[in-house]
Amino acid sequence: QVQLVESGGGLVQPGGSLTLSCVASGSSLGISAMSWYRQAPGKQRELVAGIAKGGTADYGDSVKGRFTISRDNAKKMIHLQMNTLKAEDTAVYYCNAFIQGMNWVWREYWGQGTQVTVSS
């Protein structure tokens, strides 16, 4: 059984920084693209950043230049370094991944979400 587990959320002041982490726990045969999404109250879930297995990354326009996504394939983990945080970054952040289970079947997984609140 595979689970995505996020950590690192919390309360931070505007202009501050936070780093989120997500680990794919349990046994798996492979992990393809991994990404971070976020959802603020009353809004649609949106892509924040994604990263391919080989390391190619892409970002949403609102976070380009401020956020950096990275991955460690050996640890089955991704990180999101968030700098110069703004109030509009406040949201629940979700980890997403496509994972091949021990039954050889690929499927999409979502983490439980971690709250990021940017406020003074």
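Structure shown above.
A few points on the structure. (Residues numbered from 1 in each chain as written. Predicted model: local features only at pLDDT ≥ 70, side-chain atom pairs only at ≥ 80, totals over all residues. Heavy atoms only, no water.)

Here we look at the overall build of the chain
Here is step 1: Secondary structure assignment for the chain yields zero helices and 11 strands.
Here is step 2: Against the compact-globule benchmark of 14 Å for 120 residues, the chain has a radius of gyration of 14 Å, which places it among compact chains.
Here is step 3: The principal-axis extents of the C-alpha atoms in the chain amount to approximately 45 × 25 × 25 Å.
Here is step 4: A buried classification covers 40% of the 120 residues belonging to the chain.
Here is step 5: Looking at the chain alone, contacts between residues at least 24 apart form 56% of all its contacts between residues at least 6 apart.
Here is step 6: Of the roughly 6,400 Å² of accessible surface on the chain, 50% is carried by carbon and sulfur atoms. (Helix = DSSP H or I, 4+ residues; strand = E, 2+ residues; numbered from the N terminus. Rg over C-alpha atoms; globule rule 2.2 N^0.38 Å. Buried < 20%, exposed > 50% of the residue type's maximum accessible area, 1.4 Å probe, protein only. Contact = heavy atoms within 4.5 Å. Areas by Shrake-Rupley, 256 points an atom, 1.4 Å probe, with all protein chains shown as cover.)

Comments concerning the pairing of strand E11 (residues 114-118)
Here is step 1: The two faces of E11 differ: Thr114, Val116 and Val118 on one face are buried, but Gln115 and Thr117 on the other face are not.
Here is step 2: Relative to E11, strand E2 (residues 10-12) runs parallel, the two being bridged by three bridges. Bridge assignment links Val12 to a residue of E11, and that residue is Val118.
Here is step 3: Where strand E9 (residues 91-100) lies against E11, three bridges are found, and the strand directions are antiparallel. (Pairing = 2+ DSSP bridges.)

Some words on the packing of aromatic side chains
Here is step 1: Here the structure, examined in full by the defined rule, presents one aromatic pair.
Here is step 2: If you follow Arg45 out to its NZ or CZ, it ends over the ring of Trp110, 4.7 Å from the centre.
Here is step 3: Taking the ring centre of Tyr109 as reference, the NZ or CZ of Arg107 above it sits at 4.0 Å. (Phe/Tyr/Trp six-rings, centres within 6.5 Å; stacked < 30°, edge-to-face > 60°. Lys NZ or Arg CZ within 6 Å of the ring centre and 35° of its normal.)

Some points on the pattern of salt bridges
Here is step 1: Counted according to the given criterion, the structure contains four salt bridges.
Here is step 2: Asp61 is paired through a salt bridge with Lys64; the nearest N and O atoms lie 3.2 Å apart.
Here is step 3: The salt bridge partner of Arg66 is Asp89, with a shortest N-O separation of 2.8 Å. One end of the pair, Arg66, is in the loop between strand E6 (57-59) and strand E7 (67-72); the other, Asp89, is in the loop between strand E8 (77-82) and E9, and 23 residues separate them in sequence.
Here is step 4: The class for Asp89 is buried, based on a relative accessible area of 1%.
Here is step 5: One continuous salt-bridge network, built from bridges that share partners, spans Arg38, Glu46, Arg66 and Asp89. (Salt bridge = Lys/Arg side-chain N within 4 Å of Asp/Glu carboxyl O.)

Comments concerning the state of the cysteines
Here is step 1: Applying the stated criterion across every chain, the model contains one disulfide.
Here is step 2: Residue pairing for Cys22: its cysteine sulfur links by disulfide to Cys95, the two sulfurs lying 2.1 Å apart. On the S-S bond that ties Cys22 to Cys95, the torsion sits near -85°, and the link is left-handed. One end of the pair, Cys22, is in strand E3 (residues 18-25); the other, Cys95, is in strand E9, with 73 residues separating them in the sequence. Cys95 carries the same exposure label as Cys22, and that label is buried. (Disulfide = S-S within 2.5 Å.)

Describing unusual backbone geometry
Here is step 1: Positive phi is not limited to glycine here, since Lys76 has a value of about 55°.
Here is step 2: Position of Lys76 among the secondary structure elements: in the loop between E7 and E8.
Here is step 3: The residue Trp104 is not glycine, and still its phi comes out positive at about 75°.
Here is step 4: Position of Trp104 among the secondary structure elements: in the loop between E9 and strand E10 (106-110).
Here is step 5: Given a relative accessible area of 63%, Trp104 falls into the exposed group.

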